[in-house]
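Commentary on secondary and tertiary structure
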Amino acid sequence: MCAVSMIMDHYREKWDRHLDHVWPLPPASSPIKQEEIDEFKRLLERAREYDRKHNQPDCELDEKRDALKKLAKSLGVEIAFV
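Residues numbered from 1 in each chain as written. Predicted model: local features only at pLDDT ≥ 70, side-chain atom pairs only at ≥ 80, totals over all residues. Heavy atoms only, no water.

Right, let's get into the state of the cysteines. With the rule as written, the count across this model stands at one disulfide. Note that Cys2 is cross-linked by a disulfide to Cys59, the S-S spacing being 1.9 Å. The sign of the 80 degrees torsion about the S-S bond sets the Cys2-Cys59 disulfide as right-handed. Of this pair, Cys2 sits in the segment before helix H1 (3-22) while Cys59 sits in the loop between helix H2 (34-53) and helix H3 (62-74), and the two are 57 residues apart along the sequence. Judged by relative accessible area, which is 23%, Cys59 ranks as partly exposed. (Disulfide = S-S within 2.5 Å. Helix = DSSP H or I, 4+ residues; strand = E, 2+ residues; numbered from the N terminus. Buried < 20%, exposed > 50% of the residue type's maximum accessible area, 1.4 Å probe, protein only.)

Okay, here's the thing in structure tokens:
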């Protein structure tokens, strides 16, 4: 299983629930805390390392990456996949 994909699914579902409660968002505000974004980035990097060690580098789907970027943007959060 692609660990990166699992992490992306988890945060997409988690952050999507925020939209159900706070939509529409006031300008320049986000229900997502910086600590949560940092946690996402740490887990994503650990998942990438796991996938590399198990011969599944870059296994996440473009559709999942794009969906998470779109959701983050709507929440006023900046994320990048490198």
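Read on, since the account is not over.
It is worth spelling out the pattern of salt bridges at this point. A complete count under the given rule lists six salt bridges for this structure. Ionic pairing is found between Asp9 and Arg12, a salt bridge with its closest N-O pair at 3.1 Å. Separated by three residues within a single helix, Asp9 and Arg12 lie in helix H1, roughly one turn from each other. Given a relative accessible area of 19%, Asp9 falls into the buried group. Overall, the relative accessible area of 28% leaves Arg12 in the partly exposed class. With a shortest N-O distance of 2.9 Å, Arg52 and Glu49 are connected by a salt bridge. (Salt bridge = Lys/Arg side-chain N within 4 Å of Asp/Glu carboxyl O.)

On to the side chain of Ser5. With respect to the helices and strands, the residue Ser5 is situated in helix H1. The exposure class of Ser5 is buried, given its relative accessible area of 9%. Among the polar contacts listed, one links the side chain of Ser5 to the side chain of Lys64, at a separation of 2.5 Å. (Polar contact = N/O pair within 3.5 Å; in protein donor to acceptor, adjacent residues only side chain to side chain.)

Let us look at H2. Spanning 20 residues, H2 covers 29 Å between terminal C-alpha atoms, matching the ideal 28 Å at 1.5 Å per step. Those residues of H2 that sit buried are Glu36, Ile37, Phe40, Leu44, Ala47, Arg48 and Asp51. Around the axis of H2, the buried residues are gathered within 115 degrees of arc, so they sit on the same side. Opposite its buried face, H2 presents the exposed residues Glu35, Arg42, Arg46 and Lys53, each directed more than 90 degrees away. (Expected span 1.5 Å × (residues − 1). Arc of directions from axis to C-beta.)

Although it is not a glycine, Asn55 adopts a positive phi angle of roughly 55 degrees. Secondary-structure assignment places Asn55 in the loop between H2 and H3. Positive phi, normally seen in glycine, also occurs at Asp58, with a value near 55 degrees. The residue Asp58 is located in the loop between H2 and H3 in this model.

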